[in-house]
Amino acid sequence: MIALLVVIGDSWLQLLIAAGLGIVFTQMAFLAHDIGHRQVFRTKRGAQYAGLALGNFGVGLSYGWWMGKHTRHHANPNHVDEDPDVGVGVIAWSADQAAERTGWASRALAAWQAFLFFPLLLLEGLQLHFQSVRALWSPEVKWKKVEALLLGGRLVGYAAILLATMSPVKALVFFLMQEAVFGFYMGSSFAPNHKGMPMVEGRMDFLRKQVLTSRNVRGGWFVDHALGGLNYQIEHHLFPTMPMPNLRRAQVLVQQFCADHRISYAEVGLFRSYQEVLRHLHSVGAVLRPAAGTST
């Protein structure tokens, strides 16, 4: 990629490289995810070092922050009080979250969030970088100085390469294009996994908690690689340390077990998964649509 930046030089064709980098960084994030789940290295120390390097310096995300957040998600997926992925934020994931919105802008956003969901994903990359920097002051990040050095080194090096090969204006547009593709790809890959599946408020046994809140996405080898193996979300949540190539093999056993015990097992195509996500978001916002134009 760096060689292409130098060869193409100060040209708007660089935006094609920016889009490609957005895809590459997302694939790197998938690998960092697998490293964090101890799927790649035998030792905890090896996974820690590789995760810090790839997550912070490679992708630009705080590995310590992500590990803490993702561990809480795996422990209680789609739990309204304990899963940070469905916590209070820009998107309202439950009717209660939507009803608690105050102010015209916030209520209008939640009311029409199904239409705004994919456009908002264009900003997801920038939001993840911001959260990563803010997390450096959080007690859950153990290696603060190391992570700060890696994140800072990546930012300085990235900016230097762009400014050395193109004008400041093109460099800025390049960065925004790359972040838009990165955020959209990341968000589109994680959205089908749990969004639109049942939300949990009370306690539930481990098997049902992981299976009933997760959705698999079928589609063959292309979807397997495009989604980094996260399309086998049910198996991944049941066996988080299982390497991605083995999830397909485990699926047969899990499906049969769920059928034998009459446990609902959700698996749909990729576009159907997005339909279900948007349908859920639209239904959540229904409580606000009649009054979206008024403030509280």
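That block above? That's the structure.
Attention here is on the structure that accompanies the text.

The rules behind the values
- Residues numbered from 1 in each chain as written.
- Predicted model: local features only at pLDDT ≥ 70, side-chain atom pairs only at ≥ 80, totals over all residues.
- Heavy atoms only, no water.
- Helix = DSSP H or I, 4+ residues; strand = E, 2+ residues; numbered from the N terminus.
- Rg over C-alpha atoms; globule rule 2.2 N^0.38 Å.
- Buried < 20%, exposed > 50% of the residue type's maximum accessible area, 1.4 Å probe, protein only.
- Patch = residues over 30% accessible without salt bridge, like charges linked within 9 Å, V, L, I, M, F, W, Y side chains within 5 Å.
- Areas by Shrake-Rupley, 256 points an atom, 1.4 Å probe, with all protein chains shown as cover.
- Salt bridge = Lys/Arg side-chain N within 4 Å of Asp/Glu carboxyl O.
- Lys, Arg positive; Asp, Glu negative; His and termini not counted.
- Charge placed at Lys NZ, Arg CZ, Asp CG, Glu CD.
- 1 Å grid on protein atoms, 1.4 Å probe; cavity = no way out; pocket = protein on both sides within 12 Å on 5 of 7 lines; lining within 4 Å.
- Points joined across faces, edges and corners; volume = space filled by probe spheres on them.
- Nonpolar A, V, L, I, M, F, W, Y, C, P; charged D, E, K, R; others polar.
- Axes fitted to C-alpha atoms, helices over the stretch in contact; angles between N-to-C directions.
- Parallel < 35°, antiparallel > 145°, perpendicular 65-115°, else oblique.
- Contact = heavy atoms within 4.5 Å.
- Core = buried A, V, L, I, M, F, W, Y, C linked by side-chain atoms within 4.5 Å.
- Arc of directions from axis to C-beta.

### Section: the overall build of the protein
The helix and strand tally for the protein stands at 15 helices and two strands. In terms of C-alpha radius of gyration, the protein reaches 20 Å, essentially the compact-globule figure of 19 Å for 296 residues. Considered along the principal axes of its C-alpha atoms, the protein spans approximately 60 × 55 × 40 Å. Buried positions account for 47% of the 296 residues belonging to the protein.

### Things to note about a negative patch on the surface
On the surface, a cluster of negative charge is made up of Asp-81, Asp-96, Glu-100 and Glu-201. Along the polypeptide, Asp-96 turns up in helix H5 (residues 95-99).

### Section: the layout of surface pockets
A volume near 1,300 Å³ is recorded for the largest pocket. Along the walls of the largest pocket sit 45 residues, with Lys-69, Asp-85, Glu-124, Gln-127 and Leu-128 positioned nearest its centre. For the lining of the largest pocket, the elements supplying multiple residues, two or more each, are helix H2 (14-36), helix H3 (44-59), helix H4 (63-75), helix H7 (113-121), helix H8 (124-134), helix H10 (168-194) and helix H13 (233-238). Broken down by element, the lining of the largest pocket gets its largest block of residues, seven residues, from H4. For the lining of the largest pocket, a count of residues per class yields 24 nonpolar, 14 polar and seven charged. By volume, the second largest pocket amounts to about 410 Å³. The set of elements that each furnish at least two residues to the lining of the second largest pocket consists of H2, H3 and H4.

### Overview of the packing of H7 against helix H15 (residues 270-285)
Relative orientation of the contacting elements H7 and H15 amounts to 130 degrees, with a least axis distance of 8 Å. With respect to their mutual orientation, H7 and H15 come out oblique. In this structure, H7 uses Gln-113, Ala-114, Phe-115, Phe-117 and Phe-118 to contact H15, whose residues at the interface are Tyr-274, Val-277, Leu-278, Leu-281, His-282, Val-284 and Gly-285. Tallied by class, residues from the contact of H7 with H15 come to nine nonpolar, three polar and no charged.

### Some words on the pattern of salt bridges
Tallied over the full model, the rule gives eight salt bridges. The partner of Arg-72 in a salt bridge is Glu-140, with the nearest N and O atoms 3.1 Å apart. Here Arg-72, found in helix H4, pairs with Glu-140, found in the loop between H8 and helix H9 (144-165); they are 68 residues apart in sequence, far enough to count as distant. Notably, a salt bridge pairs Arg-208 with Asp-205, separated by 3.2 Å at the nearest N-O pair. Among the residues examined, Arg-208 registers a relative accessible area of 33% and is labelled partly exposed.

### A short note on the nonpolar core
In terms of nonpolar packing, the biggest core is built from 20 residues, with Leu-5, Trp-65, Leu-128, Leu-162, Met-166, Phe-174 and Phe-182 touching the most fellow members. Among the secondary structure elements, those contributing two or more residues to this core are H2, H4, H9 and H10. Ignoring sequence-local partners within four residues, the contact set of Trp-65 consists of Leu-128, Gln-131, Ser-132, Ala-135, Glu-140 and Val-141.

### Describing a nonpolar patch on the surface
The grouping of Leu-122, Leu-123, Leu-126, Leu-172, Leu-176 and Phe-184 at the surface amounts to a nonpolar patch, some 510 Å² of accessible area in total. Considering each element in turn, the nonpolar patch owes the most residues, three residues, to H10.

### Overview of H7
Along H7, the positions that sit buried rather than exposed are Gln-113, Ala-114, Phe-117 and Leu-121. Along H7, the residues classed as buried sweep out an arc of 85 degrees about the axis, all on the same side.

### Points about empty space enclosed by the protein
A complete count under the given rule lists one cavity of 30 Å³ or more for this structure. In this structure, the largest cavity occupies an estimated 40 Å³ of space. What lines the largest cavity is His-33, Asp-34, Gln-39, Gly-228, Gly-229, Leu-230, His-236, Met-242, Met-244 and Leu-247. Of all the secondary structure elements, the ones that give two or more residues to the lining of the largest cavity are H2 and helix H14 (244-260). Of the residues that constitute the lining of the largest cavity, the class distribution is four nonpolar, five polar and one charged.

On their own, these measurements won't tell you what the molecule is for.
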